[in-house]
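# Topology and contacts: notes
These are the residues of each chain, in order.
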Amino acid sequence: ADFDAKKKRKVAEIFRALNSDPTDVAALRRMAISEGGLLTDEIRCKVWPKLLSVNTDDLPPLPAGKELREDNKDYQQVLLDVRRSLRRFPPGMPDDQREGLQEELIDIILHVLKRNPQLHYYQGYHDIVVTFLLVVGGRLATALVEKLSTHHLRDFMDPTMDNTKHILNYLMPIIDRVNPEVHDFMQSAEVGTIFALSWLITWFGHVLSDFRHVVRLYDFFLACHPLMPIYFAAVIVLHREQEVLDCECDMASVHHLLSQIPQDLPYESLISKAGDLFVQFPPSELTKEAAQAAQAERTAASTFKDFELASVQQRPDTVLRQRFRERLRGKERLRGEERTKSILTKPRTNRFVKLAVMGLTVALGAAALAVVKSALEWAPKFELQIFP
């Protein structure tokens, strides 16, 4: 009963934010992030457009499929991917209904690509589009996906994988800040970050079998900075600390372990941790780390997007930190079981003061505001900040 009362209160708060003039987007972001997210698909239909600043009064008509499909270079690949997407539809759905939706899915994808020739289709894109189609229906999905593709997903839709790799390169520094032991183990195993590629480019839609968990994560990602999915990926790895450390330290074993994502993850607490990590170690701080390391080789900011975060490994203070850690680890082994399990209070070099973990709503409410102010202001400038 207590839970129901809480839910009712949250619904009331969401509608208050929707009905205020102008819409209180900051409050909607908070609701999307905080426990339970946006609660129902009905609410998502109203809130997701606000989070992406899409005007629902002025939706383009849905494209007719036939002329879209003729001589479209991506049609064959999109068709193959959509045909294989059976498991992304609710289990009990009648075949003819599902087939209708699959046709609609193809049209939405081709429509967005046709209107935005600078965007390149990638395998996995349909996993994101189908999520929107199932939650908000074709017309609205088309508008939301187009906005998303030119903003949050923009880097995945380049002709090359360079920017996607660059985003994956944030994964290890986040893990390193929180848990050097897991970081070093993964470095020794030379596992790389490819195991998280499908998580990142489908916003986990491809790897989670329960649709409720997928849309819960979409609430969270739509309300946050475009790099939040990589923080969430880091939090999943950190959550599996013990399994990782118990694994054989070689690439094949660690890659296999990590690419099998557990379906029973504690989503709410992971979302909350990802939010806290974002506030403690914002992308700008990790980007600086990358940029400083690369400064020695090239100074032109224009080549910034090619910098590999890996070069951080060779910096003198990194080497010192590694030695410091080895000593620390020696001591930790002696302490044995006393070692704290809480991932956010791991002992670090004193450069990192232990940060009190802020309550998520407060932390991310403030962070989301500070970082994004408003979705419109943010989008184009933001890409420039990450990849000048």
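What counts and what doesn't
- Residues numbered from 1 in each chain as written.
- Predicted model: local features only at pLDDT ≥ 70, side-chain atom pairs only at ≥ 80, totals over all residues.
- Heavy atoms only, no water.
- pLDDT = per-residue confidence, 0-100.
- Helix = DSSP H or I, 4+ residues; strand = E, 2+ residues; numbered from the N terminus.
- Contact = heavy atoms within 4.5 Å.
- Buried < 20%, exposed > 50% of the residue type's maximum accessible area, 1.4 Å probe, protein only.

For residues with low pLDDT, the predicted coordinates do not support detailed interpretation. For the protein chain, per-residue confidence averages 79 on the pLDDT scale, and residues scoring 70 or more make up 73% of the total. The secondary structure element of the protein chain with the lowest average pLDDT is helix α21 (residues 375-386), at 36, and the one with the highest is helix α14 (residues 228-239), at 97. Long-range and interchain partners of residues 292-320, a stretch whose pLDDT sits below 50, account for 39 contacts in this model, where long-range means more than four residues apart. Taken as a whole, residues 336-388 scores under 50 in pLDDT and shows 104 contacts with residues more than four places along the chain or in a different chain.

Looking now at unusual backbone geometry. Each neighbour pair has its own omega, and for D21 with P22 the value is 0 degrees, a cis peptide bond. Within the element layout of this structure, P22 appears in the loop between α1 (2-19) and α2 (25-33). One non-glycine residue, W203, lies in the positive phi region at around 50 degrees. Relative to the assigned elements, W203 resides in the loop between α12 (197-201) and α13 (211-223). Of note, the phi angle at F204 is positive, near 70 degrees, even though the residue is not glycine. When you line up the elements, F204 lands in the loop between α12 and α13. A relative accessible area of 0% places F204 in the buried class.

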